[in-house]
Number of protein chains: 2
Amino acid sequence: MTASRPYANALELLRAAKLRPTRQRLALARLLFEKGDHHVTAEQLHGEAQAAAVPVSLATVYNTLHQFVDAGLLREVAVNPGRSYFDTNTADHHHFFFEETGKLMDIPSDRINVTNLPEPPQGAIHRVDVTIRVGKAKA
Amino acid sequence: MTASRPYANALELLRAAKLRPTRQRLALARLLFEKGDHHVTAEQLHGEAQAAAVPVSLATVYNTLHQFVDAGLLREVAVNPGRSYFDTNTADHHHFFFEETGKLMDIPSDRINVTNLPEPPQGAIHRVDVTIRVGKAKA
DNA sequence: CTCTATGATTAGAATGATTCTAATTTAAGC
DNA sequence: GCTTAAATTAGAATCATTCTAATCATAGAG
Ligand SMILES: [Mn+2]
Ligand SMILES: [Mn+2]
Ligand SMILES: [Zn+2]
Ligand SMILES: [Zn+2]
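Rules behind the numbers
- Numbering of residues begins from 1 in every chain and follows the order in which that chain's sequence is written.
- Written order determines the labels here, with chains lettered from A and ligands numbered from 1.
- Local features in this predicted model are restricted to residues of pLDDT 70 or higher, and side-chain atom pairs are both shown and tallied only at a pLDDT of 80 or more, whereas totals for entire chains, interfaces and linings draw on every residue.
- Only heavy atoms go into the side-chain values, all of them from the structure, while hydrogens and water stay out.
- Only residues with pLDDT of at least 70 in both copies contribute their C-alpha atoms to the least-squares superposition of the copies.
- In this text, near means that some heavy atom of the residue lies within 4 Å of the molecule or strand in question.
- For this analysis, a polar contact is any N or O atom pair within 3.5 Å, provided that within protein one partner can donate a hydrogen and the other can accept it, and provided that sequence-adjacent residues contribute only side-chain to side-chain pairs.
- We count a stretch as a helix when DSSP gives it H or I for four or more residues in a row; a strand needs E for two or more, and each element gets its number in order from the N terminus.
- Classes in brief: Ala, Val, Leu, Ile, Met, Phe, Trp, Tyr, Cys and Pro nonpolar; Asp, Glu, Lys and Arg charged; the others, Gly included, polar.
- Two aromatic rings from Phe, Tyr or Trp, using only the six-membered ring of Trp, form a pair when their centres are within 6.5 Å; if the ring planes differ by under 30 degrees the pair is stacked, by over 60 it is edge-to-face, and anything between is tilted.
- Burial here depends on accessible area, computed with a 1.4 Å probe over protein chains only, as a share of the maximum for the residue type. Under 20% is buried, over 50% is exposed, and the range in between is partly exposed.
- Domain delimitation in this document rests on an assignment produced automatically or drawn from a domain database.
- Whether two residues are in contact is decided by their heavy atoms: any pair within 4.5 Å suffices.
- In this description, buried area is defined as the sum, over both parts, of the accessible area (probe of 1.4 Å) that is lost when the two are combined.
- The rule for a salt bridge is simple: a side-chain nitrogen of Lys or Arg has to be within 4 Å of a carboxyl oxygen of Asp or Glu.
- Think of the arc as the fan of directions from the helix axis to the C-beta atoms.
- Strand pairing follows a simple DSSP-based rule, namely that at least 2 bridges must link the two strands.

Section: the relation of the copies chain A and chain B
Then, number 1: Expressed as a screw transformation, the operator carrying chain A onto chain B has a rotation angle of 180 degrees and an axial translation of 0.0 Å, and the superposed copies differ by an RMSD of 0.1 Å. A rotation of that kind, with that shift, is consistent with a two-fold axis.

Structure representation (structure tokens):
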């Protein structure tokens, strides 16, 4: 009953993704998936790893984040030009983006009504992102 | 009757924005606003200027783009981590983003129905962006 | 029209995020 | 325990963007 996610532990998660369970990947997977859903930058995750005394290079953090995205374990969020956010919530959902703090907050997809979506002139819809940008109060 | 926009020519537009009508700003304003609405990167606009034999540095292109954003003449679109798009359409609208080509296409805001927007826990909504990401056909 | 002050432009350096390279280390399977 | 392929790493390289500080141009005054 400790398993609230499909993959209770980092090891199974890596196995299912066909990624070798190395020391670094295990540690990063724990940092990412043993907390609730959240949003991190590569730099932040690297900082967390160092704080947890996990020796891992920034290059490996980037490699791992991209591998996790490719495996469908993470999703990349483009909200700020010049910095990528990685999102542990891979369910269909939307975001508040707080411009002052640079923080993201999830909005469950059934909490917003997006209807009457136009068809693209070519290709297929891969994702629909709604970003609500929030600035300082008093518009 | 050549004026389909509020500012028919670049000079008036710069005056209204309280920006000195320098050679470079005039040329960039023409490249941006004398065509229909479109989306450009700084690098692209710099290339267009050079093709039009307008001597302007990349630094000035960036300066000018940001001044135009601040003046409300342009809008910055964050859709691709690592590169900013500037949008001459400042009306409330949404986008298709074609992942293969990196191109944006406008969707008028009344063409999509976004309702039941949640209130942010703090601050005020500054903008609501809907981005429809389009990948290669055959999902 | 000329002068001056302020603002704008510029080349090139600096920055910050991300990616790459090539060398070293590690994990997997025997 | 070996061998081999994959992973990690430090550091260099790259790319977009911003900064610096020097030069140039515009606007307004005289
Ligand atoms: Mn990526
Ligand atoms: Mn900007
Ligand atoms: Zn999220
Ligand atoms: Zn647009």
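Comments concerning the protein's contact with DNA strand C
Then, number 1: Lining the immediate surroundings of DNA strand C are 20 residues, of which Tyr62 and Arg83 of chain A together with Thr22, Gln24 and Arg25 of chain B lie closest.
Then, number 2: Here the atoms of DNA strand C within 4 Å of the protein split so that 85% fall in sugar or phosphate, with bases taking the remainder.
Then, number 3: One nitrogen or oxygen atom from the side chain of Arg20 of chain B is found 3.4 Å from a sugar or linking oxygen belonging to DNA strand C.
Then, number 4: A distance of 2.4 Å separates a phosphate oxygen of DNA strand C from a polar side-chain atom of Thr22 of chain B.
Then, number 5: Listed by contribution, the elements that provide at least two residues to the surface near DNA strand C are helix H4 (58–70) and strand E3 (83–87) of chain A together with helix H2 (23–33) and helix H4 (58–70) of chain B.
Then, number 6: Broken down by element, the residue count for the surface near DNA strand C peaks at four residues, all from H4 of chain A.
Then, number 7: Here the surface near DNA strand C is composed, by residue class, of seven nonpolar, eight polar and five charged.

With respect to the packing of aromatic side chains
Residue and element names in this part refer to chain A.
Then, number 1: All told, the structure shown has six aromatic pairs over all chains when counted by the stated rule.
Then, number 2: Both rings, one in Tyr85 and one in Phe97, keep their centres 6.4 Å apart while their planes meet at 80 degrees; by these two values the pair is edge-to-face. In this pair, Tyr85 sits in strand E3 while Phe97 sits in strand E4 (residues 93–98), placing the two residues 12 residues apart along the sequence. Each member of the pair Tyr85 and Phe97 is classed as buried.

A look at the domain arrangement of chain A
All names here are of chain A.
Then, number 1: Along its sequence, chain A is carved into domain 1 (8–86) and domain 2 (92–134).
Then, number 2: One C-alpha centre belongs to domain 1, the other to domain 2; they are set 23 Å apart.
Then, number 3: Taken together, the contact between domain 1 and domain 2 spans eight residues of the former and 12 residues of the latter.
Then, number 4: A buried area of about 870 Å², summed over both sides, lies between domain 1 and domain 2, and 50% of it is on carbon and sulfur atoms.
Then, number 5: The interface formed by domain 1 and domain 2 holds one salt bridge in total.
Then, number 6: The partner of Asp129 in a salt bridge is Arg75, with the nearest N and O atoms 3.3 Å apart.

As for helix H3 (residues 42–51) of chain A
Residues and elements named next belong to chain A.
Then, number 1: All of the buried residues along H3 are Ala42, Leu45, His46 and Ala49. For H3, the buried positions fall inside an angular range of 100 degrees around the axis, keeping them on one side.
Then, number 2: On its buried face, H3 is in contact with helix H2 (23–33), strand E1 (39–40), H4 and E3.
Then, number 3: Phi turns positive, to about 60 degrees, at Ala53, one or two residues after H3.

Considering the protein's contact with DNA strand D
Then, number 1: With respect to spatial proximity, 20 residues lie near DNA strand D, and among them Thr22, Arg25 and Thr60 of chain A together with Tyr62 and Arg83 of chain B are the closest.
Then, number 2: For DNA strand D, the fraction of atoms within 4 Å of the protein that belong to sugar or phosphate moieties is 88%.
Then, number 3: One nitrogen or oxygen atom from the side chain of Thr22 of chain A is found 2.4 Å from a phosphate oxygen belonging to DNA strand D.
Then, number 4: A distance of 2.2 Å is found between a phosphate oxygen of DNA strand D and a side-chain nitrogen or oxygen belonging to Tyr62 of chain B.
Then, number 5: Those elements that provide at least two residues to the surface near DNA strand D are H2 and H4 of chain A together with H4 and strand E3 (83–87) of chain B.
Then, number 6: The biggest single contributor to the surface near DNA strand D is H4 of chain B, with four residues.
Then, number 7: For the surface near DNA strand D, a count of residues per class yields seven nonpolar, eight polar and five charged.

A look at the interface of chain A and chain B
Then, number 1: Of the residues lining the interface, 39 residues belong to chain A; the matching set on chain B comes to 39 residues.
Then, number 2: Summed over both partners, the interface of chain A with chain B buries about 3,100 Å², with 61% contributed by carbon and sulfur atoms.
Then, number 3: Our count for the chain A to chain B interface comes out at two salt bridges.
Then, number 4: Arg133 of chain A serves as the salt-bridge partner of Asp129 of chain B, at 3.1 Å between the closest nitrogen and oxygen.
Then, number 5: At the junction of chain A with chain B, the criterion picks out 16 residue pairs in polar contact (both at pLDDT 80 or more).
Then, number 6: Considering each element in turn, the side of chain A that touches chain B owes the most residues, 12 residues, to strand E7 (residues 124–135) of chain A.
Then, number 7: Split by residue class, the side of chain A that touches chain B holds 20 nonpolar, 11 polar and eight charged.
Then, number 8: Here E7 of chain A pairs with strand E7 (residues 124–135) of chain B via 11 bridges, running antiparallel. Bridging from a neighbouring strand, Val134 of chain A pairs with Ile125 of chain B of E7 of chain B.

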